[in-house]
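# Notes for the structure review
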Amino acid sequence: MSARPYVLLSCAMSIDGYIDDATAERLLLSNDSDLDRIDAVRAACDAILVGAATVRQDDPRLLVRSARRRAERVARGLPPSPVKVTVTGSGDLDPTARFFTLGDGAKLVYCPTGSAERTREQVGAVATVVDAGEPVTPAAVLTDLAARGVRRLMVEGGGSVHAQFLTAGLADELHLVVAPFFVGDRRAPRFVRDGRFPWHPGRRARVVEVRQIDDVVLTRYALSDRCPPG
């Protein structure tokens, strides 16, 4: 059996822990310098995963932006951008979303058995739909990705997906960026939802880096022994 992929979680939040506000407009929590850092992290991964709610609400491209980094990937025999991955419970996905229409690389959609037929009807023409069992678990997704040759996975949210990987103990590294402002609205989504997390006052995560990037602060946490020390 292939070893599960190395899992790196990436998130930006406000000082009070929100990853968005409650308006229809997407809240920008990062800055240009940090977005370039994220682009470099993406370029070093084999796949990028977001939840279906993120696909619906944010309509992300999930592509490597830098032409130089895309060229470097191609020179190494890789596609210009990592494989795109999403997980859906209902199959409620728009085939015209940028997740599906932008980029020539593979797109994978994991869904439970009960909604596999509907998911294939919705996006089967623009993505590979994978019946991941009932219910879909992070472990099942990682097992299938490993079989497809994915060695390094970047998880970009949202909060529900981050919580699932964290509570399952299937995260190796966390990049947490804090923006210098408050949201102050409990209707807005937070970084993670309630859950039983492996890291608690009796088992602290290890900090491997703290860095100021213009007006935001990045903290990198090691969440497993697979994470390099520096």
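Here the structure is a predicted model, which means the values were calculated and not measured.

### A look at the side chain of Asp 46
Locating Asp 46 in the fold gives a position in the loop between α1 (32-43) and β2 (47-51). One polar contact links the side chain of Asp 46 to the main-chain amide nitrogen of Arg 151, over a distance of 2.9 Å. Apart from the residues lying within four places of it in its own chain, the contact partners of Asp 46 are Pro 82, Val 83, Val 150, Arg 151 and Arg 152.

### Examining the nonpolar core
Formed by 29 residues in total, the largest nonpolar core has its most connected members in Tyr 110 and Phe 165. Broken down by secondary-structure element, the contributors of at least two residues to this core are β1 (6-13), β2, β3 (83-87), β4 (107-111), α6 (138-147), β6 (152-155), α7 (159-167) and β7 (173-178). Those residues in contact with Tyr 110 that lie beyond four places of it in its chain are Val 85, Thr 86, Val 87, Thr 88, Val 130, Ala 132, Val 136, Val 141, Asp 144, Leu 145 and Arg 148. One finds Ile 38, Ala 52, Leu 93 and Met 154 within the second-largest nonpolar core, a separate group that totals 24 residues.

### Here's the deal with the sheet that holds β6
Here we have nine strands laid out as an open sheet, ordered β5-β4-β3-β2-β6-β1-β7-β9-β8, and mixed in their pairing. Taken across any chain shown, the strands that pair with only one partner, and hence form the sheet edges, are β5 (128-131) and β8 (206-213). The mean angle between the axes of side-by-side strands here comes to 20°, regardless of whether they run parallel or antiparallel. Each of β1, β2, β3, β4, β5 and β6 touches α6; the most contacted strand, β4, lies at about 145° to it.

### Considering the pairing of β5
Successive side chains on a regular strand alternate, one facing one side of the sheet and the next facing the other. Bridge analysis of β4 against β5 gives four bridges, and the strand direction is parallel. Residue pairing across strands places Val 109 opposite Val 129, the latter belonging to β5. With respect to chirality, the unit in which β4 leads through helix α5 (residues 116-123) into the neighbouring parallel β5 is right-handed.

### What to know about α7
Among all positions of α7, only Gly 159, Val 161, His 162, Ala 163, Phe 165 and Leu 166 are buried. Among the structural elements, β1, β2, α6 and β6 are those in contact with the buried residues of α7.

### Notes on unusual backbone geometry
The omega torsion across Glu 134 and Pro 135 is -5°, close enough to zero to call that bond cis. For the bond from Gly 157 to Gly 158, the omega torsion is 0°, close enough to zero to count as cis. Along the chain, Gly 158 falls in the loop between β6 and α7. Backbone geometry places Asp 59, a non-glycine residue, at a positive phi of 50°.

Cut-offs used in this document
- Residues numbered from 1 in each chain as written.
- Predicted model: local features only at pLDDT ≥ 70, side-chain atom pairs only at ≥ 80, totals over all residues.
- Heavy atoms only, no water.
- Helix = DSSP H or I, 4+ residues; strand = E, 2+ residues; numbered from the N terminus.
- Polar contact = N/O pair within 3.5 Å; in protein donor to acceptor, adjacent residues only side chain to side chain.
- Contact = heavy atoms within 4.5 Å.
- Core = buried A, V, L, I, M, F, W, Y, C linked by side-chain atoms within 4.5 Å.
- Buried < 20%, exposed > 50% of the residue type's maximum accessible area, 1.4 Å probe, protein only.
- Pairing = 2+ DSSP bridges.
- Axes fitted to C-alpha atoms, helices over the stretch in contact; angles between N-to-C directions.
- Right-handed = clockwise from strand over helix to strand, strands pointing away.

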